Protein chains: 2
Amino acid sequence: MNRVTTLDRSRPRRGRPGYNRESLLQVAVQVFNERGYDGTSMDDLSKKLGISKAAIYHHVSSKDELLELGVNRALDGLFAAAAEATAAGVPAIDRLEQLIRASVAVLVERLPYVTLLLRVRGNTEVEQRALDRRRQFDRLVAGLVAEAKADGDIRPDVDPAVASRLLFGMVNSVVEWYRPNEATSAADLAEAIRTMAFDGFRP
Amino acid sequence: MNRVTTLDRSRPRRGRPGYNRESLLQVAVQVFNERGYDGTSMDDLSKKLGISKAAIYHHVSSKDELLELGVNRALDGLFAAAAEATAAGVPAIDRLEQLIRASVAVLVERLPYVTLLLRVRGNTEVEQRALDRRRQFDRLVAGLVAEAKADGDIRPDVDPAVASRLLFGMVNSVVEWYRPNEATSAADLAEAIRTMAFDGFRP
């Protein structure tokens, strides 16, 4: 992802000089991730962006709107991945594997946005809506695990609700330590997660 | 864990009326987790505790000290678990299993403290020290995975560094959704994690 800093003003732009809605969102999400959403004021954003608050309000109506745009960037990616994975006419276990691969790809491509999403605590209406969508995603995963278990493709002693939370706990942990361009590609990472979850460590 | 609120003043106390260092720490950590450490001022703590800032400073020298006490409560528990697990004269794979069980027990027993620890981003010296200790713990886990792999007890295609991060990503995700007193005990949870990591989902 092309990270825009206050010094990077070389690209084509719309609206106020320096930023369009997209590049402004990128910087805002970066600042939210560094300082916490609650700990970031519009003044902080204005200083970091090097533009006035009025110039920010030219693009977005509030800090809340930036948060919503940011978390939806993550959620829309995850739901698109889920829609594609679950549409395939294959057994649930294969759809689950596909969902893991696609979700890891979204995490890696949209790392700052997913990071922001995973730190949302539900303190505002926007955060509540994001948590609702996360829960909807969790239910979808748990449903796939339950279906795969009913098919006999998952061990009978696995609790689908617990297993799906642990599985996505593992997937989501990627935002804490993985940085793109390392020796491990998104596909390697997805494969490592798939292997651990489905086949386990043991030889 | 016995959660103390501003209304719970029934227990024996030392120092200023209402709180001792321990119960003050419990409330402070709860507030840090709700609002974020950076987003919490000593004024916020004073209001939440219902005592003056001077009364808080009777027990601790700064907000930073509260953070350090809080994260060390988590880290000390994890390192004690690691010391016990790694001292056993058994193969690395068994020490790793024991470490997972003991770590999950610490997470469940010290949930608010581990939650605080996992949100530390390294913005202050105290946070840097906490991150250093987390990295030390991660290296210890990666070392165990590497040793188990050398013993032939872990698949040759598993990368110890990636696997240990995913493993503890799964373990740490517990703070996001597990609440004590549910139908799932800490031991059930540890067993679910151990099963997924070592044997995988498949029947």
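Counting starts from 1 at the beginning of each chain's written sequence and moves along it residue by residue. Whichever chain is written first becomes A and whichever ligand is written first becomes 1, with later ones labelled in order. Local features in this predicted model are restricted to residues whose pLDDT is 70 or higher, and side-chain atom pairs enter the listing and the counts only when it is 80 or higher, whereas totals over whole chains, interfaces and linings include all residues. Each side-chain value is worked out from all heavy atoms of the structure, with water and hydrogens disregarded.

Runs of H or I in DSSP of at least four residues are treated as helices and runs of E of at least two as strands, each being numbered from the N terminus. Within chain A, the regular secondary structure consists of nine helices and zero strands. Reading the secondary structure of chain A in the N-to-C direction produces α-α-α-α-α-α-α-α-α. Principal-axis analysis of the C-alpha atoms gives chain A an extent of 60 × 40 × 30 Å. Exposure is judged per residue with a 1.4 Å probe applied to protein chains only, and the accessible area is read against the type maximum: over 50% gives exposed, under 20% gives buried, and values in between give partly exposed. Relative to its 203 residues, chain A shows a buried fraction of 51%. What makes two residues a contact is simply this: any of their non-hydrogen atoms within 4.5 Å. Of the contacts formed within chain A by residues at least 6 apart in sequence, a portion of 66% connects residues at least 24 apart. Accessible areas in this description were obtained via Shrake-Rupley with a 1.4 Å probe; residue shielding takes into account the shown protein chains only. Of the roughly 9,000 Å² that chain A leaves accessible, carbon and sulfur atoms contribute 49%. If the 29 positive side-chain charges of chain A are averaged to one point and the 28 negative ones to another, these points end up 7 Å apart. Charge counting treats Lys and Arg as positive and Asp and Glu as negative, with His and both chain ends excluded. In this description, the location of a charge corresponds to atom NZ of lysine, CZ of arginine, CG of aspartate or CD of glutamate.

UniProt positions are given in the numbering used here, feature names are shortened, and annotations may be inferred rather than shown by experiment. The UniProt entry lists residues 18–78 of chain A under the feature "domain: HTH tetR-type" (unreviewed entry), expressed in the numbering used here. From the first C-alpha to the last, residues 18–78 of chain A spans 30 Å; its make-up is 75% helix and 0% strand.

It is worth spelling out the UniProt feature "DNA-binding region" (unreviewed entry) in chain A at this point. As recorded in UniProt, the sites labelled "DNA-binding region" (unreviewed entry) are residues 41–60 of chain A. Helix makes up 75% of residues 41–60 of chain A and strand 0%, with an end-to-end C-alpha separation of 14 Å.

All names here are of chain A. Start and end positions for the domains come from either an automated domain assignment or a database one. In terms of domain boundaries, chain A breaks down into domain 1 (1–60) and domain 2 (66–199). Distance from the C-alpha centre of domain 1 to the C-alpha centre of domain 2: 28 Å. Summed over both sides, the interface between domain 1 and domain 2 buries roughly 1,300 Å², with carbon and sulfur atoms accounting for 67% of that surface. Salt-bridge detection follows one rule: a side-chain nitrogen of Lys or Arg within 4 Å of a carboxyl oxygen of Asp or Glu. Scanning the region where domain 1 abuts domain 2 turns up one salt bridge. Among the salt bridges present, the one from Arg73 reaches Glu22, with a minimum N-O distance of 3.0 Å. For the purposes of these results, a polar contact is taken to be a pair of N or O atoms within 3.5 Å, where, inside protein, one atom must be able to donate a hydrogen and its partner to accept one; residues adjacent in sequence count only when each atom of the pair is a side-chain atom. Here domain 1 and domain 2 share five residue pairs in polar contact (both at pLDDT 80 or more) between them. The greatest single-element share of the side of domain 1 that touches domain 2, amounting to nine residues, is contributed by helix α1 (residues 21–35). Classifying every residue of the side of domain 1 that touches domain 2 gives nine nonpolar, two polar and four charged. Buried area is a sum: the accessible area each of two parts loses on coming together, probed at 1.4 Å, counted once for each and added. In this classification, the charged set is Asp, Glu, Lys and Arg, the nonpolar set is Ala, Val, Leu, Ile, Met, Phe, Trp, Tyr, Cys and Pro, and all remaining amino acids, among them Gly, are polar.

A word on the interface of chain B and chain A. Each partner contributes to the interface: chain B provides 39 residues, whereas chain A provides 39 residues. For the pairing of chain B and chain A, the buried interface totals around 3,500 Å² over both sides, and the portion due to carbon and sulfur atoms is 61%. It is Leu166, Phe201 and Arg202 of chain B that lose the most area in chain B upon contact with chain A, and together they represent 24% of the buried surface on that side. Applying the counting criterion to the chain B and chain A interface returns six salt bridges. Counting across the chain B and chain A interface gives 14 residue pairs in polar contact (both at pLDDT 80 or more). Looking at the side of chain B that touches chain A, the elements that each hand over two or more residues are α1 (21–35), α5 (92–109), α8 (160–177) and α9 (186–198) of chain B. Per-element tally for the side of chain B that touches chain A: the top contributor is α8 of chain B, with 11 residues. Each residue belonging to the side of chain B that touches chain A can be placed in one class, and the counts come to 19 nonpolar, seven polar and 13 charged.

Before going further, it helps to examine the relation of the copies chain B and chain A. At an RMSD of 0.0 Å, chain B and chain A line up after a rotation of 180° and a shift of 0.0 Å along the axis. Classification of the inter-copy transformation places it as that of a two-fold axis. Both copies present the same face, since 100% of the interface residues in chain B are matched by interface residues at the equivalent positions in chain A. Copies are brought into register by a least-squares superposition over C-alpha atoms of residues with pLDDT of at least 70 in both.

The subject of this paragraph is the pattern of salt bridges. Applying the stated criterion to the full structure yields 34 salt bridges over all chains. As a salt-bridge pair, Glu97 of chain A and Arg101 of chain A come within 3.9 Å of each other at their nearest N and O atoms. Here Glu97 of chain A and its partner Arg101 of chain A are both found in helix α5 (residues 92–109), four residues apart, which amounts to about one turn of the helix. By relative accessible area, which is 11% here, Glu97 of chain A ends up buried. Overlapping salt bridges bring together Glu97, Arg101, Glu191, Arg194 and Asp199 of chain A together with Arg202 of chain B as one network.

This paragraph deals with the packing of helix α9 (residues 186–199) of chain A against α8 of chain B. Only the contacting stretch of a helix is used when fitting its axis, a line to C-alpha atoms as for every element, and angles between N-to-C directions run 0 to 180 degrees. Following both chains from N to C, one finds α9 of chain A and α8 of chain B inclined at 60°, their axes separated by 11 Å at the closest point. Taken together, α9 of chain A and α8 of chain B sit at an angle that is classed as oblique. Classified by chirality, the crossing of α8 of chain B by α9 of chain A is right-handed. Note on element contacts: α8 of chain B touches α9 of chain A through Val162, Ala163, Leu166, Leu167 and Met170 of chain B, opposite Leu189, Ala192, Ile193 and Met196 of chain A. Throughout, the term roughly parallel applies to angles under 35 degrees, roughly antiparallel to angles over 145, roughly perpendicular to angles from 65 to 115, and oblique to all others. Left-handed describes a crossing whose near helix is turned anticlockwise from the far helix by less than a right angle; the clockwise case is right-handed.

The subject of this paragraph is the environment of Phe32 of chain B. All names here are of chain B. Relative to the elements of secondary structure, Phe32 occurs in helix α1. For Phe32, a relative accessible area of 2% puts it in the buried group. Distance from Phe32 to Val174, taken between C-alpha atoms, is 19 Å for residues 142 residues apart in sequence. Residue contacts for Phe32: discarding those within four places in its chain leaves Tyr37, Thr40, Leu45, Lys63, Leu66, Leu67 and Leu116.

Before going further, it helps to spend a moment on helix α2 (residues 42–49) of chain A. Among the residues of α2 of chain A, Met42, Asp44, Leu45, Ser46 and Leu49 of chain A are the ones counted as buried. Looking one or two residues past α2 of chain A, Gly50 of chain A carries a phi angle of roughly 75°, positive in sign.

Glancing now at the packing of aromatic side chains. Residues and elements named next belong to chain A. Each pair of aromatic rings taken from Phe, Tyr and Trp, with Trp reduced to its six-membered ring, is defined by centres within 6.5 Å and is described as stacked if the planes are under 30 degrees apart, edge-to-face if over 60, and tilted in the remaining cases. Counted according to the given criterion, the structure contains 10 aromatic pairs over all chains. Measuring from centroid to centroid gives 4.9 Å for Phe32 and Tyr37, while their planes differ by 80°, and the two rings are edge-to-face. Like Phe32, the residue Tyr37 is buried in the burial classification. One aromatic cluster in this structure is built from Phe79, Phe137 and Phe168.

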